[in-house]
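Residues per chain, in single letters:
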Amino acid sequence: MKSYQKLRTAGPQPAACRVEEEGAGPMPAGHGKLAPWWVGSGLLVAAVLLSAVTVWVLRQVSGGWPGPTLPPKCLLVPESHRFDCYPERHVVVTQELCESRGCCFIETPPPAGAKRGVPWCFYPPDFPSYTLESLNQTALGMVGLLVRREKAYYPRDIERLRLDVEFETDTRLHIKITDAANPRYEVPLEVPRAMKRAENPIYSLDFSRDPFGVLLRRRATGTVLLNTTVAPLIFADQFLQIATLLPSRFLYGLGEHRGPLLHSLDWSTLTLWARDVSPTESFNLYGAHPFYLLMEEGGDAHGVFLLNSNAMEVALQPAPALTWRTIGGVLDFYIFLGPDPNMVIQQYQQVIGFPAMPPLWALGFHLCRWGYGSSNVTWQTARAMRNYQIPQDAQWNDIDYMDGYRDFTIDPQKFASLPSLVEDLHKHGQRYVMILDPGISSTNPHGSYWPFDEGLRRGLFLNTTQGQPLIGQVWPGFTAFADFSNPDTQQWWLENLQRFHAHVPFDGLWIDMNEPSNFMDGSEDGCPPGELDSPPYTPAVLGDSLSAKTVCASAKQKASVHYNLHNLYGLMEAKATASALIQIRGKRPLVISRSTFPSQGQYSGHWLGDNRSQWKDMYYSIPGLLSFSLFGIPLVGADICGFSGSTSEELCTRWMQLGAFYPFARNHNTQNEKAQDPTVFSPAARTAMKDVLLTRYSLLPFLYTLFHRAHLQGDTVARPLFFEFPWDVATLGLDRQFLWGRSLLVTPVLEPGVDSVTGYVPRGVWYDFYTGSSVNSSGEMLKMSAPLEHLNLHVREGAILPTQKPETTSEATRRNPLRLIVALSQGGTAWGDLFWDDGESLGTFERGSYSYLVFNVTQNIFTSTVLHASAEATEVTIGTLSIFGVREPPSKVLLNGQEKPFSYLGNQVLTVSDLGLSLSQGFTLQWL
């Protein structure tokens, strides 16, 4: 890892002030030793000067640059620290264009391929920025005034800005910069309000006065987490930019994108603008998550959240540094100090909200395809799954169930038996989920389609600038788009769903196309001229236009213009849909949404979109899954076996093994491709798929408890290895394996034609999940046997996993006896817990209708302690205890003091069966 170069330089210093949280006033100007525009040691400066002078001399000898020679201030800026002054795409940046902005121009050789490299046009060290004119203490922090004396180069520069700083908690800092004179659009997200100033913050904050900049340090290590003095702050009406140095290269988050979990800082740009497109590297995808997690040297972590919903891009460069560019709203930052990565994500969710507790059936296996073609074929598939006794909790349908692809309708010929199918699913303890799109068909004769007629009458659709419903095109043809920012739309959505549910009693809803997607650019009439649809600066969006394959940015919504609300469309629909499901069913809702925004975990899960049946797509699902864990949406998975294209038996078998460990596990397929549900494959492949699903179902008590912890305090469910081993640098780039919680390591096969897999096993003892055999790792890559029927699973020492004898539905599984798997640490200790309730009622934890047990092992004594009990727990028993890592064969085993028969195997596994203990009673088990 690169060490952070200290902020100490020779030469003139900017005016600076230091503000400590104890309430000390600003120090005299010139006190802080901060380099305003570049960072480096004296050696670095000398090296750069030498190379710059050499280049300059060579250029003079060979004819020089056109025009005047370069100012020395430009030559002083190292390539890695050149912040782009001309980020516009599709413009050939000339020296003339660059210098018209007051910036430095130095050509550098372009990198191989189409990648962007070192910017040719970059800010000089003395580019005009804002000055911190005043800074006053407030009850929660500080308020300051920023003034810009010279205009920047985007229209409607805002000359006076208000700086608000709140020390909200010891680990959370809130910094907001907005127009000092006029209100601006802000994201309508409910955030917690601090009541008092943090007393012992683990951070310290300094400011540079001129140019204005923020310096944030971690007190314990002195690490500089933010240094925004490296490039000018720009705050125009439709262009807001702020840059910071980063203390390391280990950066995660900033979704939704396809790529490795760990971002490349090699001049890459990540765009956030919700877009319907098959997941492809470097494209802006379905959701927008302006949050990053950064691992510092030594294993500390921090996170930064920019609460802004406008079109945005984040530019990364190897300094290492990051630049936020957004085209509206305000700069509203939350910084989370951890110090460990799990705590950073918890602190983030304290702001955006903890995820909802899903119903237990949502954690079972889901099956879907586009193109069953009829309810009878759908039904045959569900029956075939039952015949082979393959676990399945929910059957889904895509848009082919609808009449003419219109929401809230059924194809009267092909899906006439749908109500009977749903009744049959319910009889077998299974559930039904169907798709809904937000585009409402607008071409039906008046009076023939209530959803459109009523929406029009109540004025519930997105409107053009002329005040008429904006008409685009989606599956049913011409459509209007529901405006979910209008509370009245939520009522209309509920009424539509109530009417449909009376006919087809669905259990969950799948909301798709909610970026919102449009087969036209903008509308049937295009988009009007103006600075909403054609802003002064357009971030690097796919299609080069804000209206590409969506609606016009100028479209009017109840809460604001679509320009501001676009990235919130999926969130607002998810909120309306979850609310409707609760009112209709009176139980926990399951909503799976394609478009997402921070806080959406409170209302829905997410699937990773229209992937392909390819090996690389299977791999990319893991970083996708782990990124959404960081974003507070733990109920996430990819289409198992791939959506588009044709799968192979080997790929689908391996993908079913991986997918059995997605928190949200659904096999989904497109139309006109061969079926890929488990029943259509050879007996060997079908058995392998069935076995891994039974393994998943056996782990439902453990998985359900992880979701409880996510709901209660923001723990992640699927977790990158570095979350548990943050000091182990070997884990920082790992994204071909993952953990469930702290203790279950999943190592899938991600390539064809192999019967082994190499995976990283962090330091410590790990036990084979199936056999209990142990491996003692020093923190190393290990080759594991992986025949086609086998998925490698390892249990971390010190863990206790609650499991259950599996059945083919979660409802049947939950009645079976529990088996507790104890993985002893090298010191002979272990810990685990279990959350248990009825699996579907609302607010069971909040109402106290649950059981919570803690399991402990110390000195050869296993103890089960019931910390909270409810009626459901009396119906379940603990049948078996399997203890891994018992080094000596026991002479006897005592259950609550009474001798019990046991078995002990040579691989140090002690098993005690037929316990028959009620879950609602504590007990001890001792081996001597």
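Report follows, based on the coordinates. These numbers come from a predicted model, not from an experiment.

Topic: the sheet that holds strand E34 (residues 744-747)
Hydrogen bonds between backbone atoms are what pair the strands of a sheet, whose relative direction is either parallel or antiparallel. If you walk across this open sheet you meet the 6 strands as E32-E33-E34-E39-E36-E37, and the pairing is antiparallel. Only two strands of the sheet have a single partner each, and these edge strands are strand E32 (718-719) and strand E37 (774-777). In this sheet, E37 lies alongside strand E36 (residues 764-768) in antiparallel orientation, the contact comprising 4 bridges. Looking across to E37, one finds that Gly 764 is bridged to Ser 777.

Some remarks on the state of the cysteines
Applying the stated criterion across every chain, the model contains 5 disulfides. Covalently, Cys 98 is tied to Cys 121 through a disulfide, its sulfur atoms 2.2 Å apart. What sets the handedness of the Cys 98 and Cys 121 disulfide is the S-S torsion sign, and at about 90 degrees it is right-handed. Remark: Cys 121 occurs in strand E3 (residues 121-122) and Cys 98 occurs in helix H3 (residues 95-100); sequence separation between them is 23 residues. For the residue pair Cys 98 and Cys 121, the accessibility class agrees, reading buried in each case.

Quick look at the sheet that holds strand E23 (residues 439-441)
The 3 strands lie next to each other as E23-E25-E24, forming an open sheet whose pairing is antiparallel. If you trace the sheet from one side to the other, it starts and ends with E23 and strand E24 (472-474), each paired once. Averaged over all neighbouring strand pairs, the angle between strand axes comes to 60 degrees, with direction disregarded. Pairing of E24 with strand E25 (residues 477-481), which is carried by 3 bridges, proceeds in the antiparallel orientation. Of the residues in E25, the one forming a bridge with Gln 473 is Phe 478.

A closer look at the pattern of salt bridges
A full pass over the atoms with the stated rule returns 43 salt bridges. Among the salt bridges present, the one from Lys 549 reaches Asp 521, with a minimum N-O distance of 3.4 Å. Note that Lys 549 is positioned in the loop between strand E26 (508-511) and helix H9 (562-565) and Asp 521 in the loop between E26 and H9, a separation of 28 residues in sequence. Residue class for Asp 521 comes out partly exposed when judged on its relative accessible area of 42%. Overlapping salt bridges, with partners in common, bring together Asp 276, Asp 512, Glu 515, Arg 594 and Asp 610 in one network.

Considering the side chain of Ser 208
You can see Ser 208 is positioned in strand E8 (residues 203-210). In terms of polar contacts, Ser 208 uses its side chain to reach the backbone carbonyl oxygen of Pro 211, at 2.6 Å.

Considerations on the environment of Ala 675
Here Ala 675 is to be found in the loop between strand E31 (665-667) and helix H13 (683-698). For Ala 675, the contacting residues outside a window of four places in its chain are Arg 369, Asn 669 and Val 680.

Some remarks on the packing of helix H12 (residues 649-659) against H13
Between two packed helices, the angle of one axis relative to the other and the distance separating the axes together describe the packing. The geometry of H12 relative to H13 is characterised by a closest axis approach of 9 Å and an angle of 5 degrees between their N-to-C directions. Between H12 and H13, the crossing angle belongs to the class labelled roughly parallel. Of the residues in H13, those in contact with Glu 649, Cys 652, Thr 653, Met 656, Gln 657 and Gly 659 of H12 are Ala 685, Ala 688, Met 689, Val 692, Leu 693 and Arg 696. When its residues are assigned to classes, the contact of H12 with H13 shows 7 nonpolar, 3 polar and 2 charged.

Thresholds applied
Residues numbered from 1 in each chain as written. Predicted model: local features only at pLDDT ≥ 70, side-chain atom pairs only at ≥ 80, totals over all residues. Heavy atoms only, no water. Pairing = 2+ DSSP bridges. Helix = DSSP H or I, 4+ residues; strand = E, 2+ residues; numbered from the N terminus. Disulfide = S-S within 2.5 Å. Buried < 20%, exposed > 50% of the residue type's maximum accessible area, 1.4 Å probe, protein only. Axes fitted to C-alpha atoms, helices over the stretch in contact; angles between N-to-C directions. Salt bridge = Lys/Arg side-chain N within 4 Å of Asp/Glu carboxyl O. Polar contact = N/O pair within 3.5 Å; in protein donor to acceptor, adjacent residues only side chain to side chain. Contact = heavy atoms within 4.5 Å. Parallel < 35°, antiparallel > 145°, perpendicular 65-115°, else oblique. Nonpolar A, V, L, I, M, F, W, Y, C, P; charged D, E, K, R; others polar.

As far as function goes, none of this settles anything; it's purely spatial.
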